[in-house]
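# Architecture and fold: a report
Below are the chains, spelled out letter by letter.
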Amino acid sequence: MNLWRWLTTPDPEPGFTTGKLLKLAARVALFALVATLVSSLLSLTPLGPYLNTWWGSLLFVLALYLPLARFLNVDTFVPRRLQARVDARTSGQTGKATRTQRRKERNRYAGVRKSAPRSGGRR
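As the structure is a computational prediction, the values presented were derived from the model and not from experiment. (Residues numbered from 1 in each chain as written. Predicted model: local features only at pLDDT ≥ 70, side-chain atom pairs only at ≥ 80, totals over all residues. Heavy atoms only, no water.)

## Side note on the overall build of the chain
Operational definition: Runs of E in the DSSP output that reach at least two residues are strands. Runs of H or I that reach at least four are helices, and both are numbered from the N terminus. Throughout, exposure labels follow a simple rule: accessible area from a 1.4 Å probe, protein chains only, divided by the maximum for the residue type, with under 20% read as buried, over 50% as exposed, and the rest as partly exposed. In what follows, residue pairs with any heavy atoms lying within 4.5 Å of each other are defined as contacts.
On a plain count of helices and strands, the chain comes out with 6 helices and 0 strands. Sequence-ordered secondary structure for the chain, helices as α and strands as β, is α-α-α-α-α-α. Evaluated residue by residue, the chain yields a buried proportion of 16% over its 123 residues. Pairs at least 24 residues apart make up 56% of the contacts formed inside the chain by residues separated by at least 6 positions.

Right under this line is the structure:
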């Protein structure tokens, strides 16, 4: 598998697995490397003195982190399409039971013509 695809594909397993922690460490190291390279390149430009101030470094970190936030948080939230696969895999035979239960609940009041009980009945 391609290294970039491995880093950007979410892991559908729940919890912090070894693979997830390894990916997170690789992403943080890559982010730190990119931040250091961009900072050193910008220090060679006329923006260098501004990067040495607290507000300049804050703007730099925000400008770099906001686009890369999705890259760093790939495994935080599992997409719905992958979560459905995990649920189907972990539930086993209970998936059929829940499907029949949902169908039963949906059809429970099918064809009922009677209206809801009125509030002003006998007391």
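## Looking at the side chain of R27
Here R27 lies in helix α2 (residues 18–43). When sequence neighbours within four positions are dropped, the list of residues in contact with R27 reads L7, F71, L72, V74 and D75.

## Describing the packing of aromatic side chains
Filter applied, for reference: Ring pairs are drawn from Phe, Tyr and Trp, using the six-membered ring of Trp, whenever the two centres fall within 6.5 Å, and their geometry is named by plane angle: stacked under 30 degrees, edge-to-face over 60, tilted for the rest.
On inspection of all chains with the given rule, the structure shows 2 aromatic pairs. Ring geometry for F31 versus Y65: centroids 6.2 Å apart, planes at 85°, classification edge-to-face. With F31 in helix α2 and Y65 in helix α4 (residues 54–72), this pair connects stretches of sequence that are 34 residues apart. The class of Y65 is partly exposed, set by a relative accessible area of 32%. Each ring, one from Y50 and one from W55, has its centre 6.1 Å from the other, and the planes form 45°; the classification is tilted. With a relative accessible area of 46%, Y50 lands in the partly exposed category. Residue W55 is classed as partly exposed on the basis of its relative accessible area, which comes to 40%.

## A word on the nonpolar core
To keep things clear, this is the line we draw: Throughout this description, the term nonpolar core refers to a set of buried Ala, Val, Leu, Ile, Met, Phe, Trp, Tyr and Cys residues connected via side-chain atoms within 4.5 Å.
Grouped together as the largest cluster of nonpolar side chains are 8 residues: L7, F31, A35, L51, F60, L64, F71 and L72. Elements with a contribution of two residues or more to this core: α2 and α4. Other than its neighbours up to four places away in sequence, F71 contacts W4, L7, T8, R27 and L30.

## Remarks on the confidence of the model for the chain
Counted only if it meets this: pLDDT is a per-residue confidence score from the predictor, ranging from 0 to 100.
Mean pLDDT for the chain: 77, with 74% of residues reaching 70 or above. The lowest-confidence element of the chain is helix α5 (residues 80–91), averaging 59 in pLDDT; the highest-confidence one is α2, averaging 87.

## What to know about a nonpolar patch on the surface
Just so we agree on the cut-off: Only residues whose relative accessible area exceeds 30% and that form no salt bridge are eligible for patches; like-charged ones are grouped when within 9 Å, while nonpolar side chains (Val, Leu, Ile, Met, Phe, Trp, Tyr) are grouped when within 5 Å. In these tables, accessible area is a Shrake-Rupley quantity obtained with a 1.4 Å probe, and a residue counts as shielded only by the protein chains included in the view. Any Lys or Arg side-chain nitrogen found within 4 Å of a carboxyl oxygen on Asp or Glu counts as a salt bridge.
A cluster of nonpolar side chains, namely L47, Y50, W54, W55, L58, L59, V61, L62, Y65 and L66, defines an oily patch on the protein surface of about 1,100 Å² accessible area. Broken down by element, the residue count for the nonpolar patch peaks at 8 residues, all from α4. Tracing the sequence through the fold places L59 in helix α4. By relative accessible area, which is 52% here, L59 ends up exposed.

## Here we look at α4
Rules: Throughout, bend refers to the angle between the axes fitted to the seven residues that end at a position and the seven residues that start at it.
Along its length, α4 shows its largest kink, about 45°, at L66, and proline P67 lies within four residues downstream of that point. Within α4 the residues assigned to the buried category are G56, F60, L64, A69, F71 and L72. As for α4, its buried residues are in contact with α1 (3–8), α2 and α3 (48–51).

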